[in-house]
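Observations on the model geometry
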Amino acid sequence: MNKTAAVNTCNLTYKYPSSKRINETDIVFKEVLKGINLEIFHGEKVSIIGPNGAGKSTLLLNLAGLLDFKFRDGSVCIYGQEINDKNIYNIREKIGFVFQDPNDQLFSTSVFDDVAFGLINFLNKRKDLRVKDADYIKDVVRLSLERVNLKNVENEVPYFLSFGEKKLAALATVLSYDPDLFILDEPSSNLDPKNRDSFIAMLKNMEKTIIIATHDIDMAYEFSARTVILNSGKIVYDGPTDMILTNRSFLEKNDLRLPLCLKAAK
């Protein structure tokens, strides 16, 4: 594995403005991330788990530069570049982000247009002449959909897909432009067992840096050799997956459970 740092956070803290107010002018903030120090190397596959409200989604959104910087303290670096207002659009070319809710990602009138959108933007920015090659665009869209087990849906309206199909289509939109870093929020939710298994296998075989946040403890156990556990906005564990996801007492202390595959084996 390449020892280039794909992701590096230094004392990352993030707070959201709350609906509560001390008075008309003073806003109450809720601190969601509390001094996160995390380094992920190129080619690593990492699962981030934790109970509801632990800060998993907020961490992922910060890694992708999708939250307002004025509520952030500390730093986030992607492949050696610190994310800021000036370079965020260039850094995002390296990142493929899949939202927890695919409806936040699919907005076109056809699956084809949604999957092609990111690719066309990427090629345009690079001034790549393939952006004018309709056959090339069609081939990439088709292959991206096939990789997630979606075939013959190019002309479907995304709104009418099942939630699980929308999740797969959202992933295809990212696969189309082949970023260096994949960040996936709850990627396995609402997938049927067959698609879930093939989806995990595909991610494991990709020679990319992949970070997932998930409540699916079994997916974390199957997918990644490294697991980060968040609780109350802090990292409480960062290390080998097989070491921590077999530790019932630690998991229960952090409102988590053993993977079902381990329970079944007992």
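None of these values were measured; they are calculated from a predicted model.

Taken as a whole, this structure holds 13 salt bridges when the rule is applied. With a shortest N-O distance of 2.9 Å, Arg-226 and Glu-44 are connected by a salt bridge. Highlighted residues: Arg-226 in strand β9 (residues 226–231) and Glu-44 in the loop between β2 (27–41) and β3 (45–49), separated in sequence by 182 residues. As far as burial versus exposure is concerned, Arg-226 and Glu-44 are alike and both buried. A salt bridge links Lys-208 to Asp-178, with the nearest nitrogen and oxygen atoms 3.0 Å apart. A residue pair is termed long-range when its members are at least 10 positions apart, and Lys-208 in the loop between α6 (193–205) and β8 (209–213) and Asp-178 in the loop between α5 (163–175) and β7 (181–185) qualify at 30 residues. Under the relative-accessibility criterion, Lys-208 is labelled buried at 14%. One salt-bridge network, held together by shared partners, links Arg-196, Asp-197, Asp-216 and Glu-222.

The next thing to look at is the environment of Leu-230. As for its position among the elements, Leu-230 is in strand β9. Spatially, the C-alpha atoms of Leu-230 and Ile-48 are 7.2 Å apart, while their sequence positions differ by 182 residues. Once residues lying within four places of it in the same chain are set aside, the contact partners of Leu-230 are Ile-36, Ile-48, Ile-49, Gly-50, Pro-51, Ala-54, Gly-55, Lys-56, Leu-59 and Ile-235.

The rules behind the values
Residues numbered from 1 in each chain as written. Predicted model: local features only at pLDDT ≥ 70, side-chain atom pairs only at ≥ 80, totals over all residues. Heavy atoms only, no water. Salt bridge = Lys/Arg side-chain N within 4 Å of Asp/Glu carboxyl O. Helix = DSSP H or I, 4+ residues; strand = E, 2+ residues; numbered from the N terminus. Buried < 20%, exposed > 50% of the residue type's maximum accessible area, 1.4 Å probe, protein only. Contact = heavy atoms within 4.5 Å.

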